[in-house]
Structures are given as structure tokens and as C-alpha cells.
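The chain contents come next:
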Amino acid sequence: MDLHDAGALLIEQIRKTSVLEWTAVAFGVSQVLLARKNNILLYPTGIISVCCASILLFQSGLYAETLLQGYYLLMSIYGWANWKNPSASGASKITRSSSREKWITWAIAGVGWGLLYWILSTYTDSDVSLLDAFVSSTAWAGMWLLAKRKLENWIWLNVSNLVAIPLLLYKELLMFSILTLILFVVAIFGYLDWKKTLDDDG
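This text gives an overview of the structure that appears in the document. (Residues numbered from 1 in each chain as written. Predicted model: local features only at pLDDT ≥ 70, side-chain atom pairs only at ≥ 80, totals over all residues. Heavy atoms only, no water.)

1. Topic: helix α2 (residues 19-36)
For α2, which comprises 18 residues, the first-to-last C-alpha distance of 26 Å matches the rise-based estimate of 26 Å (1.5 Å per residue) to within 8%. Among all positions in α2, only E21, A24, V25, G28, V29, Q31, V32 and A35 are buried. Along the axis of α2, the buried residues cluster in a sector spanning 160 degrees; they form a single face. In this structure, the buried side of α2 is in contact with α3 (42-59), α8 (153-170) and α9 (174-201). (Helix = DSSP H or I, 4+ residues; strand = E, 2+ residues; numbered from the N terminus. Expected span 1.5 Å × (residues − 1). Buried < 20%, exposed > 50% of the residue type's maximum accessible area, 1.4 Å probe, protein only. Arc of directions from axis to C-beta. Contact = heavy atoms within 4.5 Å.)

This is how it looks when you write it as C-alpha cells:
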């Protein structure tokens, strides 16, 4: 395929992108930009994106990522409550993960990956069970850390994003793959911004 054909295919796929997918993408980009700025509005914005994305992902047979959206919804509510009541939650400022929190994070990712892979390979018709489960479990870990305002959330979320980009392309979800690429880039800057804030706070 030459460059002209690739461009034509891209334009055609953009034309076929549904309003629901555009909405999910727009609010998804807004969410990560707000997260980079450490702004609590990331949560209501993210909830809108999650609701749109869950429908599209289920229709595409990405069942683990559909479950991931449900987890995002729960963690968005949890994180929103934490950030609104920092004295009670301990999420008043950006911090690094403690040793205990690192173990919990690895447990969420590892156990989640194994459990999701078993469910997908046993009970669904998914043809990408291993990767779908990995994307979701590492994102679970990242969202848990984000809710607790931990610096390392960006690392875990980008591990998930890195694998999700080719997976979404394989499933012909072009705009979602572009969104994920944008999220990957923004998350790098989010990590640097949060790290600078953490260093400045001393």
C-alpha cells in the first residue's frame, strides 16, 4: 500500500467513525489532559468517555476492555470521592507509591491478567484474549494508583496504552487507536509534570 492509498483509507475510516466514538475520543482526550493538570474534573469527564467507549468495545468483541470500562467507572467514582475529601482519603497531594502499594499494584495487574485471560478464553469468542486481558489488567493497576494520586500511575497506564494501540488497530477501531496514541504521549508529559510537582514539594 502506497502513501496515497494509506491516506485514502484513513480518510474513509474517519468518515465511518460514529458520533459515539467521536464523543468517547473527545472526552477521553479531555480527561487525560485534566489528569495531567491534576484537575478533579478529569473524573466527570472520564465517566462520559467510559459510558460511550463501553458500548463500542463490546460491539467489537473486546470483552476485557469492556469490563475495564466498568472498572474505570467505579474507580472514577472512587477517585472523585478521594480527591474531593483528601483529608479522609490521604490523596491530598501527589506522592510516590509505598512498598505495600507497589505490591498491591503488581497483584492487581498479575492476578487480573490471569483471571481475565481465563474468563475470555473459556467463556467468550475473543480472538485476542491474552492481549485484551493484559491491556485491561495493567490499566486496572494504573487507575487504582491514579485514584490515590500516585506518580507511578502514568507508568502503568502507558504500559497498557502501548499494547492497546496495535490491538485497537487490529479491531479496526481507528479513532480509539489514535486516542490511545494521544493518551500515550500526554501520559509521558503527565509523569514529568507530576514528578516536577513532587520534586518541588520536596
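2. Observations regarding the packing of α8 against α9
Contact geometry for α8 and α9: axes closest at 9 Å, N-to-C directions at 160 degrees. Between α8 and α9, the angle is such that the two are roughly antiparallel. Judged by the sense of rotation from one axis to the other, the crossing of α8 with α9 is left-handed. For the pair α8 and α9, the contacting residues are N153, W154, I155, N158, N161, L162, A164, I165, L168 and L169 in the first and L174, F176, S177, T180, L181, L183, F184, A187, I188, G190, Y191 and W194 in the second. A per-class count over the contact of α8 with α9 returns 16 nonpolar, six polar and no charged. (Axes fitted to C-alpha atoms, helices over the stretch in contact; angles between N-to-C directions. Parallel < 35°, antiparallel > 145°, perpendicular 65-115°, else oblique. Left-handed = near helix turned anticlockwise from the far one by under 90°. Nonpolar A, V, L, I, M, F, W, Y, C, P; charged D, E, K, R; others polar.)

3. Quick look at empty space enclosed by the protein
Per the counting criterion, the structure on display carries one cavity of 30 Å³ or more. Estimated volume of the largest cavity: approximately 500 Å³. Along the wall of the largest cavity there are 28 residues; nearest its centre are Q31, Q69, Y72, N161 and L183. Those elements that place two or more of their residues in the lining of the largest cavity are α2, α3, α4 (63-84), α7 (129-147), α8 and α9. Sorting elements by how many residues they give to the lining of the largest cavity places α8 first, with six residues. Here the residues of the lining of the largest cavity are counted per class, giving 20 nonpolar, seven polar and one charged. (1 Å grid on protein atoms, 1.4 Å probe; cavity = no way out; pocket = protein on both sides within 12 Å on 5 of 7 lines; lining within 4 Å. Points joined across faces, edges and corners; volume = space filled by probe spheres on them.)

4. Structural notes on the side chain of T45
Mapped onto the secondary structure, T45 falls in helix α3. Of note is the side chain of T45, whose polar atom sits 2.9 Å from the backbone oxygen of L41. Those residues in contact with T45 that sit more than four places away from it in its chain are F27, S30, Q31 and L34. (Polar contact = N/O pair within 3.5 Å; in protein donor to acceptor, adjacent residues only side chain to side chain.)

5. Some thoughts on the pattern of salt bridges
Counted under the stated rule, the structure contains six salt bridges. Close ionic contact of D127 with K171 constitutes a salt bridge, the shortest N to O distance being 2.9 Å. Separated by 44 residues along the polypeptide, D127 in the loop between α6 (99-123) and α7 and K171 in the loop between α8 and α9 bring together distant segments of the chain. Note that D199 and K195 form a salt bridge whose closest N and O atoms lie 3.1 Å from each other. Of this pair, D199 and K195 both sit in helix α9, separated by four residues, roughly a single helical turn. For D199, a relative accessible area of 43% corresponds to the partly exposed category. Classification of K195 as partly exposed rests on a relative accessible area of 29%. (Salt bridge = Lys/Arg side-chain N within 4 Å of Asp/Glu carboxyl O.)

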